[in-house]
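For reference, the chains in residue letters:
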Amino acid sequence: MEFFEPLKAEFISVLAVNTNKYRGAHYATFPLHLVTPCVLATCPPDGLVLDPFCGSGSTGEVALNNDRSFIGVELVEKSAILAQDRLQNC
Ligand SMILES: C[S@@+](CC[C@H](N)C(=O)[O-])C[C@H]1O[C@@H](n2cnc3c(N)ncnc32)[C@H](O)[C@@H]1O
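Residues numbered from 1 in each chain as written. Predicted model: local features only at pLDDT ≥ 70, side-chain atom pairs only at ≥ 80, totals over all residues. Heavy atoms only, no water.

Attention now goes to the confidence of the model for the chain. Counting all residues, the mean pLDDT for the chain is 84, and 80% of those residues have values of 70 or more. Element-level mean pLDDT values for the chain span from 91 in helix 1 (residues 32–42) up to 98 in strand 2 (residues 69–72). (pLDDT = per-residue confidence, 0-100. Helix = DSSP H or I, 4+ residues; strand = E, 2+ residues; numbered from the N terminus.)

Before going further, it helps to examine the site of the ligand. Neighbouring the ligand are 14 residues, the closest being F30, S56, S58, E74 and L75. Between the ligand and the protein, one listed contact pairs an oxygen atom with a side-chain N or O atom of S56 at 2.7 Å. Note that a nitrogen atom of the ligand is positioned 3.1 Å from one of the backbone N or O atoms of L75. The fraction of the free accessible surface of the ligand (610 Å²) that becomes covered by protein chains is 70%. Within the shell around the ligand, the residues separate by chemical class into seven nonpolar, six polar and one charged. (Near = heavy atom within 4 Å. Polar contact = N/O pair within 3.5 Å; in protein donor to acceptor, adjacent residues only side chain to side chain. Areas by Shrake-Rupley, 256 points an atom, 1.4 Å probe, with all protein chains shown as cover. Nonpolar A, V, L, I, M, F, W, Y, C, P; charged D, E, K, R; others polar.)

The next point concerns helix 3 (residues 77–88). Taking 1.5 Å of rise per residue, twelve residues should cover 16 Å, and helix 3 covers 17 Å from first to last C-alpha, within 8% of that figure. Regarding helix 3, the residues found buried are S79, L82, A83, R86 and L87. What you see down the axis of helix 3 is that its buried residues fit within an arc of 125 degrees, all on one side. The exposed residues of helix 3 that point more than 90 degrees off its buried face are E77, K78, Q84 and Q88. The inward-facing, buried residues of helix 3 abut helix 1, helix 2 (58–64) and strand 2. (Expected span 1.5 Å × (residues − 1). Buried < 20%, exposed > 50% of the residue type's maximum accessible area, 1.4 Å probe, protein only. Arc of directions from axis to C-beta. Contact = heavy atoms within 4.5 Å.)

So, on to the nonpolar core. If you look at the biggest cluster of nonpolar residues, it comprises ten residues: V35, V39, C43, V49, C54, V62, A63, F70, A83 and L87. If you list the elements that add at least two residues to this core, you get helix 1, helix 2 and helix 3. Apart from residues lying up to four places away in sequence, C43 is in contact with L48, V49 and R68. (Core = buried A, V, L, I, M, F, W, Y, C linked by side-chain atoms within 4.5 Å.)

So, about the side chain of E61. On the secondary structure map, E61 appears in helix 2. Residue classification places E61 among the buried residues on the basis of a relative accessible area of 18%. When sequence neighbours within four positions are dropped, the list of residues in contact with E61 reads L32, R86, L87 and C90.

Below, the structure written as structure tokens:
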């Protein structure tokens, strides 16, 4: 498959991964083990993570459980409420 040829790997900025399940959430939540290294590598402890497409709040869960602050933006009210409830437990 051309997309995965080694010589082109350095230009790949899109990862193909399976989505995760989260109770009540839509079909495309992030696996936490995918988000965790991204948050830890790009935001210092006590830093602020912004997810402008927050969905069920997976990125927020990782941020808050790793000593980062979090701001999530979500268009769909039901998802925003779900994320808010989820993040209150972090
Ligand atoms: C792929 S989902 C994100 C899933 C999230 N990473 C998670 O783990 O739950 C993308 C989200 O972006 C939201 N969205 C789409 N357009 C938006 C917009 N213009 N502003 C804010 N949120 C938006 C959708 O409602 C959807 O919940």
